[in-house]
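Chains, contacts and geometry: an overview
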Amino acid sequence: MGAGESGAGAAILAKKEGFDVFVSDTSLIKDKYKKLLNDHGIVWEEGHHTEEKILNADEVIKSPGIPKEAPMIQKLMKQGTHIISEIEFAGRYTNAKMICITGSNGKTTTTSLIYHIFKSAGYDVGLAGNIGHSLALQVAEQPHKYYVIELSSFQLDNMYDFRANIAILLNITPDHLDRYDFKFENYADAKMRITQNQTAEDTFIYWNDDPVIKKELEKFEIKAVRCPFSEVKENGSIAYLEEGQYKLEYPTPFNMEQEELSLTGKHNLYDSLAAGLASNIAGIRKEVIRRSLGDFPGVEHRQEKVCTVRGVLYVNDSKATNVDACWYALESMKTPVVLILGGKDKGNDYNEIKDLVKKKCRALVYLGADNKKLHDFFDGMGIPVRDTHSMKDCVKACYELAQPGDTVLLSPCCASFDLFHNMEDRGEQFKECVRNL
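The model shown is predicted, which means the values in this text are computed figures rather than measured ones.

1. Structural notes on the side chain of aspartate 406
As for its placement among the helices and strands, aspartate 406 is situated in the loop between helix H16 (391-401) and strand E19 (407-410). Judged by its relative accessible area of 2%, aspartate 406 is buried. In this structure the side chain of aspartate 406 is engaged in a polar contact, spanning 2.5 Å, whose partner is the side chain of arginine 362. At 2.9 Å, the side chain of aspartate 406 forms a polar contact with the backbone nitrogen of glutamine 403. With residues near it in sequence (within four places) discarded, aspartate 406 still touches Gly311, Val312, Leu313, Thr335, Pro336 and Arg362.

2. A look at the sheet that holds strand E15 (residues 312-316)
With mixed pairing, the six strands of this open sheet are ordered in space as E14-E15-E19-E16-E17-E18. The strands lining the two open edges of the sheet, one partner per strand, are strand E14 (304-309) and strand E18 (385-388). On average, each strand axis in the sheet is tilted by 20° relative to the strand beside it, whichever way the strands run. As defined by bridge partners, strand E16 (residues 337-341) adjoins strand E17 (residues 361-367) across five bridges and the pair is classed as parallel. Residue isoleucine 340 lies in a different strand from E17, and its bridge partner there is valine 365. Sheet strands in contact with helix H13 (residues 323-331) are E16, E17 and E19, and its direction is about 170° off that of E16. Taken strand by strand, helix H17 (residues 423-435) contacts E14, E15, E16 and E19, and its axis lies near 20° from that of E14.

3. Quick look at the nonpolar core
Residues Ile149 and Phe229 are the most contacted members of the largest nonpolar core, which totals 91 residues. Ranked by residues supplied to this core, first place goes to helix H11 (residues 266-281) with seven residues. Once residues lying within four places of it in the same chain are set aside, the contact partners of isoleucine 149 are Ile87, Met98, Ile99, Cys100, Ile101, Thr111, Ala128, Gly129, Leu135 and Phe162. Among the nonpolar cores identified, the runner-up in size contains 23 residues, and Leu339, Leu356, Val357 and Cys413 belong to it.

4. A closer look at the pattern of salt bridges
Following the criterion strictly, the structure yields 22 salt bridges and no others. A salt bridge links lysine 219 to glutamate 216; the shortest N-O distance between them is 3.2 Å. Here the residue lysine 219 and the residue glutamate 216 both occupy positions in helix H10 (residues 211-219), the gap between them amounting to three residues, near one helical turn. A salt bridge links glutamate 287 to arginine 285, with the nearest nitrogen and oxygen atoms 2.9 Å apart. Of the residues examined, arginine 285 reaches a relative accessible area of 49% and is grouped as partly exposed. Beyond isolated ion pairs, a larger network of salt bridges with shared partners links Glu300, Glu304, Glu428 and Lys431.

5. Quick notes on the packing of aromatic side chains
Throughout the structure, instances matching the rule amount to 14 aromatic pairs. Their ring planes at 70° and their centres at 5.7 Å tell us that phenylalanine 118 and tyrosine 146 sit as a pair that is edge-to-face. Here phenylalanine 118 is found in helix H6 (residues 107-120), whereas its partner tyrosine 146 is found in strand E7 (residues 146-150), with 28 residues between them in sequence. A relative accessible area of 0% means that phenylalanine 118 is categorised as buried. Its relative accessible area of 22% is what places tyrosine 146 among the partly exposed residues. On the basis of an interplanar angle of 40° and a centroid distance of 5.0 Å, the ring pair of tyrosine 123 and tyrosine 146 is categorised as tilted. Separated by 23 residues along the polypeptide, tyrosine 123 in the loop between H6 and strand E6 (125-129) and tyrosine 146 in strand E7 bring together distant segments of the chain. An aromatic cluster is built from Phe19, Phe89 and Tyr93, whose rings are joined through pairwise contacts.

6. Describing the side chain of glutamine 155
Among the secondary structure elements, glutamine 155 is positioned in helix H8 (residues 153-157). Judged by relative accessible area, glutamine 155 falls into the buried class, the value being 4%. In contact with glutamine 155, other than residues within four places in its own chain, are Pro64, Ser85, Ile87, Gly129, Asn130 and Glu150.

7. Comments concerning unusual backbone geometry
For the peptide bond that leads from tyrosine 250 to proline 251, omega is -10°, which places it in the cis range. Mapped onto the secondary structure, proline 251 falls in the loop between strand E12 (245-248) and strand E13 (254-257). Of note, glutamine 303 is a non-glycine position whose phi angle comes to about 45°, a positive value. Mapped onto the elements, glutamine 303 comes out in the loop between helix H12 (286-295) and E14.

8. As for helix H14 (residues 351-360)
Along H14, the residues classified as buried are Ile353, Leu356, Val357 and Lys360. The arc that holds the buried residues of H14, viewed along the axis, is 105°, so those residues lie on one side. Summarising the geometry of H14, the exposed residues directed more than 90 degrees from the buried face are Asp355, Lys358 and Lys359. For H14, the secondary structure elements touched by its buried residues are H13, E16, E17 and helix H15 (372-378).

Rules used in this analysis
Residues numbered from 1 in each chain as written. Predicted model: local features only at pLDDT ≥ 70, side-chain atom pairs only at ≥ 80, totals over all residues. Heavy atoms only, no water. Helix = DSSP H or I, 4+ residues; strand = E, 2+ residues; numbered from the N terminus. Buried < 20%, exposed > 50% of the residue type's maximum accessible area, 1.4 Å probe, protein only. Polar contact = N/O pair within 3.5 Å; in protein donor to acceptor, adjacent residues only side chain to side chain. Contact = heavy atoms within 4.5 Å. Pairing = 2+ DSSP bridges. Axes fitted to C-alpha atoms, helices over the stretch in contact; angles between N-to-C directions. Core = buried A, V, L, I, M, F, W, Y, C linked by side-chain atoms within 4.5 Å. Salt bridge = Lys/Arg side-chain N within 4 Å of Asp/Glu carboxyl O. Phe/Tyr/Trp six-rings, centres within 6.5 Å; stacked < 30°, edge-to-face > 60°. Arc of directions from axis to C-beta.

Okay, here's the thing in structure tokens:
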């Protein structure tokens, strides 16, 4: 169910493994995936679900974007049909080492950085999950010895036997609560599923300072070797900063100057610590880790500097789809900020960024189909605000409000689906409008 990157890839692997495969999507399927399915002789439908065919399935591989509340999923669950994710399915057909990354924020940067280090080391490695190509498609047609996989809570929900050799949990902050009955503990428990099936031979890397992770660790039995990281050395942390040095203690000592790290800002420091630990555990040579941590180019749509117009720097942080991600972006800003907020709200609590907004923001520009919640929360703070409903109007408002030396920051706290196809589309439109100024 679902014929995007994960669904099409899963279908091809299933066909290769001898299954009778049927692909169904209520939306229109992109041409590249139709071609992929047709080339492999796989039957598909778009724009609707044929109920009798789907309910006749022995097993269903569900796209992570489809909520469990969807009527067809409810019918499948009621009759006891096994529903799994593409990652779970692909894991059955490979013995590759799995380096898996989850967390509310920083997943993509950490995943991309680890992949960059492994590639630089000459490892046979694939990039999969939320970024890169479908894991199932790679297992079917381009198998690797290692996979670096970014995992969302939605993917983890439908994983049962899959095993992460190195599991990384960066943080747990409120996100996607609309998919978890608005219960934060349900979402937190989903994130902890990354540790299930790990053995004493495996490694669990996690942020030691996260109060939610600490609480979750008391609830779950972790069999893997624990590798906590933190900003400073404390409570058993084996990766940290000390006197301007980036340090790893496990499995062998490693250190480099903090100034040599290519990523700046507190949140990026955590990503670099987690990535360095994973690479050190995987046996990558010290000089490769050091070089790669220093020359990593960063990730598109994550605090991406677009250009400077009339003395104003424009930064695209469209990947900031929750409040915590926006907090990290604001925290790293050194100049007055014109902040762009808004989109599809996921049950956000803006109190988290209130102090930083007061301290750092010259103005706020709302960008959404419905900005009422933003007006209700921020309008009384005495900061100039503008209400916009298109990227063109939004960037125009920012241009009018910003002064030389300021930063215009798109860090919306919200999903993008009210006005855009996805967060990439939002970021691309922002960059195009800025470059046209």
